Structures are given as structure tokens and as C-alpha cells.
Amino acid sequence: MIAGGCFCGLVRYRVSQPLGPGRSCHCSRCRKAFSGAGSAYAEVARGSFTWTAGEDNLGRYETTPGWGLCFCRTCGSTLCGTAGGEVHGVTLGSVDGDPGVEIGMHLFVGSKAPWDHIGGRAPQYAGFPPSMQAGGMSSEIPPERPGRGRDDQ
Ligand SMILES: [Zn+2]
Ligand SMILES: [Zn+2]
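Computed from a predicted model, the values in this text were never measured in an experiment. (Residues numbered from 1 in each chain as written. Chains lettered and ligands numbered in written order. Predicted model: local features only at pLDDT ≥ 70, side-chain atom pairs only at ≥ 80, totals over all residues.)

Visitor: Break down unusual backbone geometry for me, citing the residues and quoting the values.
Guide: Phi at serine 35 takes a positive value of approximately 50°, unusual for a residue other than glycine. Topologically, serine 35 is positioned in the loop between α1 (28–34) and β4 (41–43). Owing to 11 C-beta atoms within 10 Å, serine 35 belongs among the exposed residues under this scheme. Its identity as a non-glycine residue notwithstanding, phenylalanine 108 has a phi of 55°, on the positive side. Position of phenylalanine 108 relative to the elements: it lies in the segment after β10 (103–107). (Helix = DSSP H or I, 4+ residues; strand = E, 2+ residues; numbered from the N terminus. Buried ≥ 20, exposed ≤ 12 C-beta atoms within 10 Å, placed from the backbone.)

Right, dumping it as C-alpha cells:
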């Protein structure tokens, strides 16, 4: 069982199954959305996510039609990405303790911040990795990447 929540503690959640692979997107939009070098994000298995406190204190921001982010309205922590109104994944920084996954790939390093020096040995891709380009399926667009198309900043 994985548990997590926001900085102020009003919003809490749990995930009943192991998280999917972790990833970090370094595009300019994710830097804004996550207030850092990029996203740190892992998908959840369908039906495994439950809000346990403070769901009524969530703010929701639709980043691109059908995709969005949820954050605590009190402290501002970004907690999850949504797809079609359902929780699609969680921000690794909001997980209590060890989420059981590491960052397994870096996306959009071609537009990372000049102050961002990526460590570790996980593969780095200038844009989307090949696994997310197949067929242009909308389900393969990372919801933590707020917006589609070229990242030109
Ligand atoms: Zn909070
Ligand atoms: Zn991004």
C-alpha cells in the first residue's frame, strides 16, 4: 500500500497496487506545473487510487482537453494527473517514503532548464521517447506534460 498527500496534510490518498515506471519530463510547461526541474511522475493501475482525505479541497487544472492536474488549494502541492476525469498517476514527490519506483526515463531534455543537471543512468530523450510516439495515441500523452506539440521555450 502506498500513501501520500500534500505539504499541509489536508489532502491524502492511497494507492493499493504498485506504481508504474517513474519518469521525469523536463519541458518548460512541466517546470511550471511542478515548480521544479520537471515532473516526477508514475502512473497508477486503474482502480487502485483512492482519496482518503481532503478531496473537497482539491483544485483542478485542465492542461489540455481531457488531461489535467490536481493540487491542494491550501498549500499548492501538485498531487496527481488526471485523464478523462480519473486519476491517471501520482507525483512521486507527494508519496510518503519510498514509492517503490525510481525515475526510469527523462523526457524533453532537449528543452530542460540551463540550471538542470540530470544525474543517474536512466535514458534521456530529447522529446517523447519512442514508446510514447506510437500511433499518436492520446492515451500515450503524458498528462503531466501540460500541452501538446512543440515545446519551444
Ligand atoms: Zn495541502
Ligand atoms: Zn513536460
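Visitor: For the sheet that holds strand β5 (residues 49–53), give the residues involved together with the corresponding values.
Guide: Spatially, the three strands line up as an open sheet ordered β1-β2-β5, and their pairing is antiparallel. The open sheet is flanked by β1 (2–5) and β5, the only strands paired with a single partner. The mean inter-strand angle of the sheet, taken between neighbouring strand axes irrespective of direction, is 25°. Two elements, strand β2 (residues 12–15) and β5, share four bridges in a ladder whose sense is antiparallel. Among the inter-strand pairings, tyrosine 13 is bridged to a residue of β5, identified as tryptophan 51. (Pairing = 2+ DSSP bridges. Axes fitted to C-alpha atoms, helices over the stretch in contact; angles between N-to-C directions.)

Visitor: Just give me the short version of the sheet that holds β4, but keep the residues and values in it.
Guide: Think of a sheet as strands paired side by side through backbone hydrogen bonds, with each pair either parallel or antiparallel. Read across the sheet, seven strands follow the order β6-β7-β8-β9-β4-β3-β10 without closing on themselves; strand pairing throughout is mixed. One side of each edge strand has no neighbouring strand; the edge strands of this open sheet are β6 (58–64) and β10. Recorded for the sheet is a direction-independent mean angle of 30° between the axes of neighbouring strands. Inspection of the sheet shows strand β3 (residues 22–25) paired to β4 by two bridges, in the antiparallel sense. The partner of arginine 23 across the bridge, within β4, is tyrosine 41.

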